[in-house]
Amino acid sequence: MTPVRQLTRAAYGIHIADQIALVSVPLVAALIFDAPAETIGLLVACQSMAHLLGSIPFGILVDTYQQRTLAIAATSLSLVGFSGAAIAVAFGSLFWFGLFVVLSGFGIVLFMLTTLSIIPKTVAPKDLGTANAGIELPRALASFAVPLSVGIAISYMSAGWLFPLAAVGAAAACIFAMQLPRFEITPITVTETVFGRVLEGGKYVVRHGLLRAILLCAIFWNFAFSALLVTMVPLIRDVYVIGAGTFGIALAAFGAGAIMGSWISRRYGARIQPNIILLFGPGISVLAPVILYLVPAQGSFLPICAAFFIIGFGPSMWLIAQNSVRQIVSPSHMLGRVNAVIQTAIYGVRPLAAVLAGAFVGSSSPQAGLVLVFVAFVLSFLAATVSGLRNVKSYESLRSAVKA
């Protein structure tokens, strides 16, 4: 079994577990612990904080230590976290439940960063797109199937069973991670301090034209997406005047779009020039707020689903393509830090966007919120269009340019 296939199987387990946790935390908090809204919000925020706080230090670890060991450590950390959360639910401890949920989140972050650094060591540049698509597909499938499955299952079973199921997924991921081979690592000179290495990674991202464009594109896109999620609830309730369940259906459509985009990238990505995908992803996202703005009051929910399908479809292809670009243009000894810097920026802008969009919509209207989303998506598209991303005709030529 190839390392990529082992990683993919581990990814299925870890992303299924992660999606169960994302859906289950508010359900368990409300149904088992009878927690107030403030506590539920705090628990949900803690899940996101693992990405924000863990990315930089884990990026340094990925650049320094044996990545097979880190993959095993990541899945083991998640297994301990999910198992601990299940035990905390059984014993009725909200404090330990929250603590173990955060611990599992750190495991997810470490696994994602480690995976991105392992792939370029196992495949040729021309196969990076296919390999990245294969790794991304489990997350897309889980984002679609798990929320629907949990929504159905919670009607027939206790919420207390959700985290034991997540632990099973993490255990499967750990088993597959143990089957990975050892990978070559680049020795780090003793004169490099931790702060200096973080700063080196940040400077490299900002100074490199392609990485800087990817960073800006991702920041504006994630700002728009977070603002859209905040805008949708009042939009559905006050403007469309349709059932609140439409929001859940829209998120399922987003997951379906991500599955389709990942599948096309895996199947046909090698035949499509990377620059087309790198512009198509953020470009097609601009259509989503336009469609939502044109939906009439008490209209059909089909255009809403179409809009969310679009922002799942194109950007999932973009994510795969830009992962390949990152892996090629970043020095192998710095790839973990490069990925960590970009990921920290992405997860840092999400809560900021949610707060700003909430205040903006509250002081104006949901339609005005859609205008804000539209502007941010346009800026994301422009960040890609005016950069060198439009000239990336193939991954092989990009590798040749790096070596030159």
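Structural data are supplied above this passage.
Residues numbered from 1 in each chain as written. Predicted model: local features only at pLDDT ≥ 70, side-chain atom pairs only at ≥ 80, totals over all residues. Heavy atoms only, no water.

A. Summary view of the overall build of the chain. In terms of helices and strands, the chain carries 15 helices and zero strands. In terms of C-alpha radius of gyration, the chain reaches 21 Å, essentially the compact-globule figure of 22 Å for 404 residues. C-alpha extents for the chain along the principal axes are approximately 60 × 50 × 40 Å. Relative to its 404 residues, the chain shows a buried fraction of 51%. Across the chain, the fraction of contacts at a sequence separation of at least 24, relative to all contacts at a separation of at least 6, is 87%. When the accessible area of the chain is evaluated, it comes to approximately 17100 Å², of which 70% is carbon and sulfur surface. If the 22 positive side-chain charges of the chain are averaged to one point and the 11 negative ones to another, these points end up 10 Å apart. (Helix = DSSP H or I, 4+ residues; strand = E, 2+ residues; numbered from the N terminus. Rg over C-alpha atoms; globule rule 2.2 N^0.38 Å. Buried < 20%, exposed > 50% of the residue type's maximum accessible area, 1.4 Å probe, protein only. Contact = heavy atoms within 4.5 Å. Areas by Shrake-Rupley, 256 points an atom, 1.4 Å probe, with all protein chains shown as cover. Lys, Arg positive; Asp, Glu negative; His and termini not counted. Charge placed at Lys NZ, Arg CZ, Asp CG, Glu CD.)

B. Structural view of the packing of aromatic side chains. This model, assessed by the stated rule, comprises 12 aromatic pairs. The interplanar angle of 15° and the centroid separation of 5.2 Å between the aromatic rings of Trp 221 and Phe 225 together place this pair among those described as stacked. Here Trp 221 pairs with Phe 225, and both are found in helix H8 (residues 209–240), just four residues apart, close to one helical turn. Across the pair, exposure class does not vary: Trp 221 and Phe 225 are buried alike. Taken together, a centroid distance of 5.9 Å and an interplanar angle of 80° make the contact between Trp 263 and Tyr 268 edge-to-face. Under the relative-accessibility criterion, Tyr 268 is labelled partly exposed at 31%. Members of the aromatic cluster, joined through ring pairs, are Phe 33, Phe 82, Phe 97 and Phe 163. (Phe/Tyr/Trp six-rings, centres within 6.5 Å; stacked < 30°, edge-to-face > 60°.)

C. Layout of the environment of Thr 231. On the secondary structure map, Thr 231 appears in helix H8. On the basis of relative accessible area, Thr 231 is assigned to the buried category, the value being 0%. In the structure, Thr 231 is positioned 152 residues away from Leu 79 in sequence and 35 Å away in space, judged by C-alpha atoms. Those residues within four positions of Thr 231 in sequence are excluded, and the remaining contacts are Val 361, Pro 366, Gly 369 and Leu 370.

D. Structural context of the packing of helix H10 (residues 274–285) against helix H12 (residues 302–329). Running from N to C, H10 and H12 point in directions that differ by 150°, and their axes come no closer than 8 Å. Looking at the two axes, H10 sits roughly antiparallel to H12. For the crossing formed where H10 meets H12, the hand is left-handed. For the pair H10 and H12, contact is made by Ile 277, Leu 278, Phe 280, Gly 281, Pro 282, Ile 284 and Ser 285 and by Ile 310, Ile 311, Phe 313, Gly 314, Pro 315, Met 317, Trp 318, Ala 321, Gln 322 and Val 325, respectively. Looking at the contact of H10 with H12, its residues break down into 13 nonpolar, four polar and no charged. (Axes fitted to C-alpha atoms, helices over the stretch in contact; angles between N-to-C directions. Parallel < 35°, antiparallel > 145°, perpendicular 65-115°, else oblique. Left-handed = near helix turned anticlockwise from the far one by under 90°. Nonpolar A, V, L, I, M, F, W, Y, C, P; charged D, E, K, R; others polar.)

E. Representation of a nonpolar patch on the surface within the structure. A surface patch of nonpolar side chains, amounting to about 690 Å² of accessible area, comprises Val 290, Tyr 293, Leu 294, Val 371, Phe 374, Val 375, Leu 379 and Leu 382. Elements represented by at least two residues in the nonpolar patch include exactly helix H11 (287–294) and helix H14 (366–385). Residue contributions to the nonpolar patch peak at five residues, all from H14. As for its placement among the helices and strands, Leu 382 is situated in helix H14. Assessed through its relative accessible area of 41%, Leu 382 is described here as partly exposed. (Patch = residues over 30% accessible without salt bridge, like charges linked within 9 Å, V, L, I, M, F, W, Y side chains within 5 Å. Salt bridge = Lys/Arg side-chain N within 4 Å of Asp/Glu carboxyl O.)

F. Quick peek at the pattern of salt bridges. Within the structure shown, the criterion is met by four salt bridges. Arg 139 is the salt-bridge partner of Glu 136, the closest N and O atoms lying 2.9 Å from each other. Placement of the pair is Glu 136 and Arg 139 together in helix H5 (residues 128–153), with a separation of three residues, close to one helical turn. Owing to a relative accessible area of 10%, Glu 136 belongs among the buried residues under this scheme. Among the residues examined, Arg 139 registers a relative accessible area of 25% and is labelled partly exposed. The closest approach of N and O atoms between Glu 200 and Arg 337, which form a salt bridge, is 2.9 Å. Of this pair, Glu 200 sits in helix H7 (residues 194–207) while Arg 337 sits in helix H13 (residues 335–363); the two residues are 137 residues apart in sequence, bridging distant segments of the chain. For Arg 337, a relative accessible area of 2% puts it in the buried group. Within this structure, Asp 63, Glu 200 and Arg 337 form a network of salt bridges that share partners.

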